[in-house]
There are 2 protein chains.
Amino acid sequence: MNKMKCTVCKREAFVKLPAHNAKFCPDHFDQFFLRQVSRLIKKFRMLRPGARVLVAVSGGKDSLTVVDVLHRLGYQVTGFHVNVGIKENNFSEESEAVTISFFEKLGLPLKIINLEKEYGRNITTFARRFPRLCAVCGLTKRHLMNDYALAGRFSCVATGHHLDDLASSLLANVLRWDLSYLAKNLPVLPAEGPFAKKIKPLALLSEEEVRIYSELRGIKPVTAVCPYSKEAKFKRYKFFLNELEKQSPGMKRAFYENYLKVAGIFEKAGTSELPLRNCKICGGPTPSEICTFCRLWNRTQSAQEEDQEINLGDGN
Amino acid sequence: MNKMKCTVCKREAFVKLPAHNAKFCPDHFDQFFLRQVSRLIKKFRMLRPGARVLVAVSGGKDSLTVVDVLHRLGYQVTGFHVNVGIKENNFSEESEAVTISFFEKLGLPLKIINLEKEYGRNITTFARRFPRLCAVCGLTKRHLMNDYALAGRFSCVATGHHLDDLASSLLANVLRWDLSYLAKNLPVLPAEGPFAKKIKPLALLSEEEVRIYSELRGIKPVTAVCPYSKEAKFKRYKFFLNELEKQSPGMKRAFYENYLKVAGIFEKAGTSELPLRNCKICGGPTPSEICTFCRLWNRTQSAQEEDQEINLGDGN
């Protein structure tokens with residue numbers, strides 16, 4: 001078999017990207033990856049040159065990659081990590097250690113919040129009451145991060161969601177025809193009242209491309225797996241989309257990009273949301289008297305009894 | 001293991017329908033099936049009591065089932081069958097024979113059009129020029145049927161599309177975000193100018209439910225398989241939806257029914273279609289001078305040269 005040649009420089013290629021009809025050597029893959037991110041940032045006006053951005057960092061390959069790329073593209077990155085206190089598999093300790101070491105190496109600022117230290121309990125204490133622990137965990141991290149981004153006047157909050165995440169959640173939302181989620185499966189959500197602007201700079205790069213980039217850059221993500229992860233449903237969607245992708249390279253990206261062209265029709269049709277007021281405890285935005293975060297974490301006897309009524313939502 | 005009991009009469013059940021959280025004996029499955037169809041007919045105002053309806057009949061279980069059910073529900077059914085002239089597997093001859101014998105048994109009128117006799121060539125003569133023979137075949141049958149329905153003043157044209165067909169084509173349309181198809185994946189398309197009203201009375205019944213009904217009723221569909229059938233893509237979608245259905249019984253129907261609730265937003269957003277005029281040869285509706293059907297079947301030397309330009313569309 002002939003050796004593959006880089007589409008750009010004709011030297012030996014190490015990777016083939018059928019969706020882009022291209023093969024790359026390491027240097028040109030790196031260039032390709034950075035260009036894809038910077039184009040998306042420009043196209044969706046995610047960041048002004050040199051902007052201060054708060055990046056959600058779990059310690060996984062996706063979030064470390066988005067830190068690395070934004071830093072290389074000249075943005076002022078601050079990391080934000082929440083130690084949720086999962087002891088199994090040494091998951092939370094290892095995640096925090098990996099994150100700290102990554103940020104030290106790059107010399108970038110990092111904010112860590114430890115739930116046990118700050119709130120006297122870890123996330124697993126909710127596991128029995130809320131079988132959907134991922135929802136509690138996501139809600140908690142989003143709340144803390146939004147607070148910190150607003151207080152620190154960051155231009156926005158960035159996450160490491162890639163094309164496979166967005167295409168599979170899009171498919172999930174389509175299968176339910178949930179118009180309010182279909183209106184918001186976007187690479188950018190603008191700042192809105194008490195919510196910081198949110199961006200997903202890896203939105204058009206596949207999980208596989210992110211994996212290749214992270215390995216090429218010598219990024220060492222956390223290897224421990226969250227024992228509570230219940231992504232089975234999303235995995236099915238990802239698997240299905242990847243099967244289709246094999247048959248028609250580029251379909252996954254086309255599915256998501258074509259959605260972006262028509263997403264406006266969902267915004268108009270989406271159900272009107274409840275008006276927000278200020279949470280009596282933290283002052284944050286909530287449709288009820290006390291926000292879900294405070295009901296979960298600032299425990300009172302009566303609040304505990306209300307647990308059953310808490311609606312955890314389902315967003316990214 | 002205990003014997004299953006019919007949800008209605010508590011006698012022995014022969015079938016379990018997790019999507020409906022029900023088990024049925026043969027009698028009550030039959031009742032269930034008829035009720036599902038008649039409810040859908042009422043809900044979408046498909047047919048007035050006793051209406052004259054032209055049913056597209058291929059000889060497969062789905063089309064024979066829709067004939068059987070509409071006849072039992074008191075509608076005046078006429079069958080419409082096109083012998084497309086596929087010799088392989090004795091496909092077209094067997095399909096026609098099965099259809100004739102079925103209609104004779106029920107004592108119902110049946111119109112048969114034989115392409116070779118009427119147009120001097122069969123559908124397979126297009127196979128080399130048009131790799132998507134299913135598209136040519138579908139377009140041809142729809143054109144002939146529409147003509148016959150209008151000329152005979154039938155209230156509408158009915159087809160045997162079931163939930164699996166509609167949910168999988170809906171998924172295909174969503175993956176492409178084709179708004180004009182998303183606007184029309186409905187159980188009823190009203191009469192519009194030169195197009196007869198189209199109805200799909202089995203739209204909310206799964207393929208499995210149709211199969212059970214047809215066996216229970218002793219319906220013997222054609223067993224030969226069309227050698228040109230290229231439904232691989234749709235099969236993948238059907239397989240995926242059936243996998244999801246196993247995990248969450250009822251999701252397939254919810255996917256389609258929830259779409260029906262929001263389909264209006266696509267109608268408004270759908271691209272405006274080309275204005276129609278009358279085909280110079282057959283007088284039928286077409287955006288160009290001569291309609292695709294006539295360009296395909298009323299062959300002239302020059303028309304043959306234009307074959308490459310013919311856009312076959314992709315509808316049901």
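Residues numbered from 1 in each chain as written. Chains lettered and ligands numbered in written order. Predicted model: local features only at pLDDT ≥ 70, side-chain atom pairs only at ≥ 80, totals over all residues.

This part covers helix α5 (residues 133-151) of chain A. All names here are of chain A. Taking 1.5 Å of rise per residue, 19 residues should cover 27 Å, and α5 covers 27 Å from first to last C-alpha, within 8% of that figure. Inspection of α5 places L133, V136, C137, L139, T140, K141, R142, H143, L144, M145 and A149 among the buried residues, and these make up the whole buried set. Where α5 is buried, its residues touch β3 (52-56), β4 (76-83), β5 (110-114), β6 (156-158) and α12 (292-297). Just past α5, the residue R153 takes up positive phi, approximately 50 degrees. (Helix = DSSP H or I, 4+ residues; strand = E, 2+ residues; numbered from the N terminus. Expected span 1.5 Å × (residues − 1). Buried ≥ 20, exposed ≤ 12 C-beta atoms within 10 Å, placed from the backbone. Contact = placed C-beta atoms within 7 Å.)

Turning our eyes to something else, we now look at the sheet that holds β5(A). The strands that make up a sheet pair up through hydrogen bonds in the backbone, lying either parallel or antiparallel. All names here are of chain A. Judged by pairing direction, the sheet is mixed, and its six strands sit side by side in the order β5-β4-β3-β6-β8-β7 without closing on themselves. The sheet terminates laterally at β5 and β7 (188-189), the two strands that pair on one side only. Bridge count for β7 against strand β8 (residues 198-199) is two bridges, and the pairing is antiparallel. From the neighbouring strand, V188 faces β8, where its bridge partner is I199. Along the sheet face, helix α3 (residues 91-106) touches β4 and β5 and points at about 165 degrees away from the line of β4. Contacts from α5 reach β3, β4, β5 and β6, with the element oriented near 165 degrees to β3. (Pairing = 2+ DSSP bridges. Axes fitted to C-alpha atoms, helices over the stretch in contact; angles between N-to-C directions.)

On to the nonpolar core, then. By size, the foremost hydrophobic cluster in this structure holds 160 residues, and its most contacted members are V53(A), V55(A), V53(B) and V55(B). Once residues lying within four places of it in the same chain are set aside, the contact partners of V53(B) are L47(B), L70(B), Y75(B), Q76(B), V77(B), F154(B), S155(B), C156(B) and A158(B). (Core = buried A, V, L, I, M, F, W, Y, C linked by C-beta atoms within 7 Å.)

Moving on, we come to the interface of chain A and chain B. Of the residues lining the interface, 14 residues belong to chain A; the matching set on chain B comes to 14 residues. Of all the secondary structure elements, the ones that give two or more residues to the side of chain A that touches chain B are α6 (163-176), α9 (232-247), α10 (251-262) and α11 (264-269) of chain A.

Our focus in this paragraph is the domain arrangement of chain A. Residues and elements named next belong to chain A. You can read the domains of chain A as domain 1 (26-233 + 246-273) and domain 2 (274-311). Taking the mean C-alpha position of each, domain 1 and domain 2 sit 25 Å from one another. The interface is formed by 11 residues belonging to domain 1 together with nine residues belonging to domain 2. The element that contributes the greatest number of residues to the side of domain 1 that touches domain 2 is α5, accounting for five residues. When the residues that make up the side of domain 1 that touches domain 2 are grouped by side-chain class, the tally is five nonpolar, three polar and three charged. (Domains from an automatic or database assignment. Nonpolar A, V, L, I, M, F, W, Y, C, P; charged D, E, K, R; others polar.)

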